[in-house]
Amino acid sequence: MNRPTVAMTVAGSDSGGGAGLQADLHTFAAFGVHGTTAVTAVTVQNTVGVTGVHEIPPQIVADQIASVVGDLRPTAVKTGMLASAPIIEAIATAFREHGIGRGGTIPLVVDPVCASMHGDPLLRADALAALRDLFALATVVTPNLDEAALLVGTRDQPDAARALLALGAEHALVKGGHGTGPRSRDLLTDGVTSWWLDAERIETGNTHGSGDTLAAAIAARLAGGDTLPDAVAVAKRYVTRAVATSYSVGAGHGPVGHPTADDPAGHPSPVAAAESTSAGAVAGAPS
Ligand SMILES: Nc1ncnc2c1ncn2[C@@H]1O[C@H](COP(=O)(O)OP(=O)(O)O)[C@@H](O)[C@H]1O
Ligand SMILES: Cc1ncc(COP(=O)(O)O)c(N)n1
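Residues numbered from 1 in each chain as written. Chains lettered and ligands numbered in written order. Predicted model: local features only at pLDDT ≥ 70, side-chain atom pairs only at ≥ 80, totals over all residues. Heavy atoms only, no water.

Asks: Go over the overall build of the protein chain, please, and point to the residues and values.
Replies: Looking only at helices and strands, the protein chain has nine helices and ten strands in total. Scaling as 2.2 N^0.38, a compact globule of 287 residues should have a C-alpha radius of gyration of about 19 Å, and the protein chain matches this with 17 Å. Each of the three principal axes of the protein chain carries a C-alpha extent, and together these read 45 × 45 × 40 Å. Within the protein chain, buried positions represent 55% of all 287 residues. For the protein chain, the share of sequence-separated contacts (at least 6 apart) that also reach a separation of at least 24 residues comes to 69%. Accessible surface computed for the protein chain: about 11,500 Å², of which carbon and sulfur atoms make up 55%. (Helix = DSSP H or I, 4+ residues; strand = E, 2+ residues; numbered from the N terminus. Rg over C-alpha atoms; globule rule 2.2 N^0.38 Å. Buried < 20%, exposed > 50% of the residue type's maximum accessible area, 1.4 Å probe, protein only. Contact = heavy atoms within 4.5 Å. Areas by Shrake-Rupley, 256 points an atom, 1.4 Å probe, with all protein chains shown as cover.)

Shown next, in the form of structure tokens:
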């Protein structure tokens, strides 16, 4: 019997279905990956904003991780909304115990979610230090420009990336979705090689869940065995299609779409430097 590739998201629930673990599961499904979850918080959320947060007890979050890893054996993990310092600390301990992240065998994508696109907080203000500590386990950390400013004090992509690597992340992917100009450029670096992942900026207010979708797509590809730069190149192409297929629902910001991926996880199609260059990425020294 064929067994599917398995990935796990450690994230919050968005009752509006556009972001959080709902976006992650849509993304995993689009890549043909079986998605599993450890829920950190339940948000009361729609397309207009977040009006409530219920945090899950830290031990229950850790137990979900142990339960899933012990049975379904995910081959990549991503994190999204983590809510509080005690939850982050319980997750970090569970990750170390189960070989998730640097020093282990299971790659880890840390999307350092701090607020919703409406500006509603999704992380307690006193949890920033715990979140920074988690970066030492990350195969890649994927802040947007606002999160980069909050976490490392700069919106300059190369400067932010360097600061994130100094905190222990193996790779930094500083996203440019919140920038200005006709292109939406993300910077990936491991400190030696850097890649600008460049795509057209699509004119739409419906980008709810774009960051979650990018990070989940990276995790889906890592779960299928891609290298990190290959996974990011495929994921960037995917999120551009996701934004292009976004739609209006509700009165506020609609979600990105989740079209079937061109490159399902588990079916390697190496993209590395050569092909990602043709997709708009440029490899070179950090600048
Ligand atoms: N309007 C857009 N057109 C094309 N790509 C976009 C657009 N907005 C965001 N992206 C891309 O979606 C991904 C998520 O970016 P960003 O919006 O910065 O993160 P977040 O959702 O965490 O705030 C990035 O790859 C970014 O370049
Ligand atoms: C539970 C949860 N997780 C993550 C986000 C971030 O998504 P966005 O930046 O698109 O609002 C969110 N709004 N809700």
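Asks: Explain the packing of aromatic side chains to me, and be specific about the residues and the numbers.
Replies: Enumeration over the complete set of coordinates arrives at one aromatic pair. Residue placement shows Arg185 over the ring face of Trp196; its charged tip is 4.3 Å from the ring centre. (Phe/Tyr/Trp six-rings, centres within 6.5 Å; stacked < 30°, edge-to-face > 60°. Lys NZ or Arg CZ within 6 Å of the ring centre and 35° of its normal.)

Asks: Please give an account of the nonpolar core that cites residues and values.
Replies: In this structure, Val10, Ile65, Phe95, Leu131 and Leu134 are the most contacted members of the largest nonpolar core, which totals 52 residues. Top element by residues in this core is helix α3 (residues 85–97). It accounts for eight residues. By size, the runner-up hydrophobic cluster in this structure holds 31 residues, among which are Ala7, Ala76, Val232 and Val239. (Core = buried A, V, L, I, M, F, W, Y, C linked by side-chain atoms within 4.5 Å.)

Asks: Describe the pattern of salt bridges, with residues and values.
Replies: A complete count under the given rule lists twelve salt bridges for this structure. Close ionic contact of Arg124 with Glu55 constitutes a salt bridge, the shortest N to O distance being 2.8 Å. In this pair, Arg124 sits in the loop between β5 (108–110) and α4 (128–134) while Glu55 sits in strand β3 (residues 50–55), placing the two residues 69 residues apart along the sequence. Overall, Arg124 belongs to the partly exposed group, its relative accessible area being 46%. (Salt bridge = Lys/Arg side-chain N within 4 Å of Asp/Glu carboxyl O.)

Asks: Residues and numbers for the site of ligand 2, please.
Replies: The full set close to ligand 2 counts 14 residues, and Gln45, Met117, His208, Gly209 and Asp212 are the nearest of them. One of the backbone nitrogen or oxygen atoms of Met117 is found 2.9 Å away from an oxygen atom of ligand 2. His208 is positioned such that a nitrogen or oxygen atom in its side chain is 3.2 Å from an oxygen atom of ligand 2. Elements with a minimum of two residues in the shell around ligand 2: β1 (6–14) and β2 (34–45). (Near = heavy atom within 4 Å. Polar contact = N/O pair within 3.5 Å; in protein donor to acceptor, adjacent residues only side chain to side chain.)

Asks: Now, about the environment of Ala136: what can you tell me, with residues and values included?
Replies: On the secondary structure map, Ala136 appears in the loop between α4 and β6 (140–141). Given a relative accessible area of 32%, Ala136 falls into the partly exposed group.

Asks: Give me the lowdown on the environment of Val33, citing residues and values where you can.
Replies: Topologically, Val33 is positioned in the loop between α1 (20–30) and β2. Measuring from C-alpha to C-alpha, the distance between Val33 and Gly49 comes to 30 Å, with 16 residues separating the pair along the chain. When neighbours within four sequence positions are excluded, Val33 is seen to be in contact with Thr5, Val6, Ala7, Phe28, Ala220 and Ala265.

Note that every value here comes from positions in space, so none of it alone points to a role or purpose.
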